[in-house]
Structure formats: C-alpha cells, structure tokens
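Observations on the three-dimensional arrangement
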Amino acid sequence: MTMNKPCWVLNGTTLVMGGALQACVNFIIEAAKDECIDWRFLVSLQIKQQLLASDSTLPPDKLQVFPVSPAKNRAMRADIKQAVESISPVVVFTFFGPSYIEFNCQHVLGFADSWVLNSNKYAISTLKGLSSKIRTYLLGVYKIYWLKKADYWVVETSVAKSGLARAINCNLHDVAVIANGCHDVFRGLQVLEFSPDHFSIRLLCLSAYYPHKNFELIPEVAKALTILQPDRKFIFVLSLSLSRSEVKAISDRAVELGVADCLEFIGAVDLDKVPELYGQSHMAFIPTLLEAFSAAYSEAMTCRLPIVTSDLDFARAVCVDGALYFEPKNAQAAAKAIVECVQDANLRERTINNASLVASTLPNAYEKYMQYKEFIAKKITN
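Calculation criteria
Residues numbered from 1 in each chain as written. Predicted model: local features only at pLDDT ≥ 70, side-chain atom pairs only at ≥ 80, totals over all residues. Heavy atoms only, no water. Helix = DSSP H or I, 4+ residues; strand = E, 2+ residues; numbered from the N terminus. Rg over C-alpha atoms; globule rule 2.2 N^0.38 Å. Buried < 20%, exposed > 50% of the residue type's maximum accessible area, 1.4 Å probe, protein only. Contact = heavy atoms within 4.5 Å. Areas by Shrake-Rupley, 256 points an atom, 1.4 Å probe, with all protein chains shown as cover. Lys, Arg positive; Asp, Glu negative; His and termini not counted. Charge placed at Lys NZ, Arg CZ, Asp CG, Glu CD. Pairing = 2+ DSSP bridges. Axes fitted to C-alpha atoms, helices over the stretch in contact; angles between N-to-C directions. Left-handed = near helix turned anticlockwise from the far one by under 90°. Nonpolar A, V, L, I, M, F, W, Y, C, P; charged D, E, K, R; others polar. Salt bridge = Lys/Arg side-chain N within 4 Å of Asp/Glu carboxyl O. Core = buried A, V, L, I, M, F, W, Y, C linked by side-chain atoms within 4.5 Å. Phe/Tyr/Trp six-rings, centres within 6.5 Å; stacked < 30°, edge-to-face > 60°.

We now examine the overall build of the protein. From N to C terminus, the protein includes 15 helices and 13 strands. Taking 21 Å as the expected radius of gyration for a compact globule of 382 residues, we find that the protein reaches 21 Å, a close match to that expectation. With the C-alpha coordinates of the protein rotated into their principal frame, the extents come out at 75 × 50 × 35 Å. Taken over 382 residues, the protein has a buried fraction of 54%. Counting contacts in the protein only where the partners sit at least 6 residues apart, residues at least 24 apart contribute 67% of the total. Summed over its atoms, the accessible surface of the protein is roughly 17,300 Å², and 52% of this surface lies on carbon and sulfur atoms. The average position of the 38 basic charges and that of the 38 acidic charges among the side chains of the protein differ by 6 Å.

Spelled out as structure tokens, the structure:
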C-alpha cells in the first residue's frame, strides 16, 4: 500500500521586502521539487512576483497569495489561519516571522529580526527621537509575545540563537542554526578585477532601505574618498529608489558635498538581475549597523567580491577574516579601508581567499532546504 505524503505548509506571507524574499523564493523552488512532502505555499504578493521573475512554475492548487502582510492586518491573519485549517497540514513553517497567528498544528518559526536578537548602541542611534526608541522597544516586546507561540525556531547564526534564547527563554535544543548561503548562480561568477589603471571603482550597496543599514554614511564616505584619491572615481551603486524621502535626503546630502555623481540610485532589483550587478562591481560596501545574517555577505564572499563593512560582532561572526572592517559610522575610516582594498593587492587577495573559505562552508539552496527539512522532520516526529 502506498503511503500518502505528509502535508506541510510554507508560510511566507510576512515577507514584503529585503533579502528575505530571495531566501524564501530559493526555499520554495527547492521544496517544489521534493517528491516526499506535499508542500503548500502561502505567500505574499511580492514573493509571487519574485517567483514569476525566476521563471518558476507551481501548480495553482499549491500556491495561495495574500496581498497584505498579517503583521498589521487582523483580517489577513484570519484568512491565513482559515487557509491553513482548510489544508490541515502536519506542520506550518513560517520562513521569517513572527507569523502573528497561533496555528492549530505544530509550528516551526524562522526568525531574523536583529532588533530583538542583537541590538546595539550604533543601531539604536539611528532611531530618531525618544518616541521612535520607545516604539521600537514596544514592537520588540510584541514580537517576543508572538515568538513564544511557536513550537520550534530557526535562526541563522549562533549569536542569533543565544539572543533568541535570552529573549524568549526557550530550550536551545528547539532552536536550529541554519546559515544563509546563496544561490548557485553566484558560484564562479566573474566580477570586475582591479587594475592600477582603473579610473572608476564601483562599490555595490545592495539592500532595501532601513535606517540601520546606514546608507546615510555613503555621501560622507564619497567625499572622504575624493580627498584621499582625487585622481580616481568611486561610484556607489545603491538599490534604492529616490521616490522615498529618506533616500532623497541621502541624494541631497551628496549634492551638498559635491559628490552627487558618486552615487547611482538604481531602485529595487529583481532576483534575476542581482548576479549581473555583482558582475559589474569591484567591491561590496556594507555599512550596516545591525544584522542577523545579510545575504549580501554570503553572495559577495561566494563570488569573490571584496567586502568592506562595519566592524561589529554580527559581521565578524559571518565573514570572519573574509572582509575589511571599519569603525561603525566613521566615514573617514570607511574611506581608508576602501582605499586600502584598492591599493594593497596582497591584502585584497588574502581577504578574498579567506572569504572563499568561509563561503565554501555555507549551504547552497538545496543543502539549506535539506537542513530545514531535516530539522522540521526531527522535531515533529519526536
């Protein structure tokens, strides 16, 4: 007699922007190939759009799209819960939560909110005014309330695991650490090589806008570079849209400093266009002040693009010796690190090789999917 396949639900309804979209899409592509699990996918409109851009096809009966995040919409929470109950799965896996829903089955929750897991003084300094700090604190308390509703959890680093255990007082055996690798397309990708006669250096700054990403530092870094290297042009390529007021303020500051031509705003980038951006860059500039695990690190390390980033615990935990670090929020220090990367070929090659070693330990899309699957299967059968 043939046994029916167990039904599992992937909940990606909370994901509307940022690198988490790509990670979830990669998971869905691998899960759809799994002949042992009857996966059903509940996703946001943004994930559906990314799936279409990746030329992935799923049977219509396997995919349900929810146009509004459940984070602030009680009606959407009810719709998602009803959809799960109609499927009656063995388990729900929320790729990144909180889910803001208490399901009537076992629930495995991925979590990567660094404000809850590993906040620091630099990130807090980006919050404008006391009311913003209070709001962020209360939002963290609210998320912790919903985190506790899950049965098991998945995070991306050991630092995040410790932070989660502190936040919700959970059993460490119920928390898996699954590193954020990247798609196979980044392996062997050709990026721009450095040459002494290169007049222009292109620095990729790939992320959606959040205050803690610290993009406001870039005009100051660009200005410092014009002083340190007046005979060379440094171009920061930002995946940000000028239609957003915060981004317009960054552009305005660049105009004030006389470095407007050093910032190139290209807007949000579809997944299939990301490898092309890496291939057109000399280095990755990542001035972020707070992360759980940024895909920008794993992608840059995998395609041997040198990284210049903030010297903070989360960055060193991921990149180890595979990046050049600068004092957070210090534009002069950032500019010096960039110039050092350009001028010192031995240092650059050593850093790239170290990064390649780190990248070789990160899972590809299939390996990461299997790590998720094995953890979920182990926990729901205990």
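So that's the structure; there's more coming.
Moving on, we get to the sheet that holds strand 5 (residues 106–110). Taken together, the seven strands give an open sheet; going across it, the order is 3-2-1-4-5-6-7, and neighbouring strands pair in parallel fashion. Each having just a single partner strand, strand 3 (63–66) and strand 7 (175–177) make up the two edges of the open sheet. Each neighbouring strand pair of the sheet contributes to a mean axis angle of 20°, computed without reference to strand direction. Packing against the sheet, helix 2 (residues 45–53) makes contact with strand 1 (7–12), strand 2 (38–44) and strand 3, and its axis sits at approximately 115° to strand 2. Where helix 7 (residues 158–168) meets the sheet, it contacts strand 6 (152–155) and strand 7, and its direction lies at approximately 145° from that of strand 6.

Here the focus is the packing of helix 1 (residues 19–31) against helix 2. At their nearest, the axes of helix 1 and helix 2 sit 10 Å apart, and the two run at 60° to each other. Helix-helix and strand crossings are classified by hand; for helix 1 and helix 2 the assignment is right-handed. Along the contact surface, helix 1 presents L21, C24, V25, I28 and I29, while helix 2 presents Q46, I47, Q50 and L51. In terms of residue class, the contact of helix 1 with helix 2 is built from seven nonpolar, two polar and no charged.

Counting across every chain of the model gives 16 salt bridges. Where E264 meets R202, a salt bridge forms, and the shortest distance between an N and an O atom there is 3.4 Å. Of the two residues, E264 is situated in strand 10 (residues 263–265) and R202 in strand 8 (residues 200–205); the sequence distance between them amounts to 62 residues. E349 serves as the salt-bridge partner of R304, at 3.1 Å between the closest nitrogen and oxygen. You can see R304 sitting in the loop between helix 11 (295–302) and strand 12 (307–310) and its partner E349 sitting in helix 14 (residues 345–360), a full 45 residues away along the chain. Since its relative accessible area comes to 34%, R304 is described here as partly exposed. Several salt bridges converge on common partners, so that one network encompasses D38, R40 and K62.

Turning our eyes to something else, we now look at the sheet that holds strand 11 (residues 283–286). A sheet is described by the order of its strands in space; here six strands give the open sequence 10-9-8-11-12-13, paired in parallel fashion. Looking along the sheet, the strands with just one partner apiece sit at the ends: strand 10 and strand 13 (324–326). Strand-to-strand, the axes of this sheet are offset by a mean angle of 25°, without reference to chain direction. Helix 13 (residues 331–343) contacts strand 8, strand 9 (233–238), strand 11, strand 12 and strand 13 of the sheet and is inclined by roughly 160° relative to strand 13.

Before going further, it helps to examine the nonpolar core. Judged by nonpolar contacts, the single largest core of 37 residues is most densely connected at V221, F236, M283, F285 and I338. For this core, the secondary structure elements donating two or more residues are strand 8, helix 8 (218–228), strand 9, helix 9 (245–256), strand 11, strand 13 and helix 13. Among the elements that make up this core, the one with the highest residue count is helix 13 (eight residues). Not counting chain neighbours up to four residues away, the residues in contact with F236 comprise L203, C205, I218, V221, A222, L225, C262, L263, E264, F285 and I338.

Here we come to the side chain of K368. With respect to the element layout, K368 can be found in helix 15 (residues 365–380). The charged side chain of K368 is buried without a salt bridge, its nearest counter-charge being E156 at 4.2 Å.

Our focus in this paragraph is the packing of aromatic side chains. Any aromatic ring pair is given by two values, namely how distant the centres are and how the planes are angled relative to each other. If you walk through the whole model with that rule in mind, you get 18 aromatic pairs. Geometrically, the ring pair formed by F27 and W39 is edge-to-face, given 5.4 Å between the ring centres and 90° between the ring planes. Of this pair, F27 sits in helix 1 while W39 sits in strand 2, and the two are 12 residues apart along the sequence. By relative accessible area, which is 3% here, F27 ends up buried. For W39, a relative accessible area of 3% corresponds to the buried category. Ring geometry for F95 versus F96: centroids 5.0 Å apart, planes at 85°, classification edge-to-face. A residue is classified by how much of its surface remains accessible, and F95, at 1% relative accessible area, is buried. Residue classification places F96 among the buried residues on the basis of a relative accessible area of 11%.

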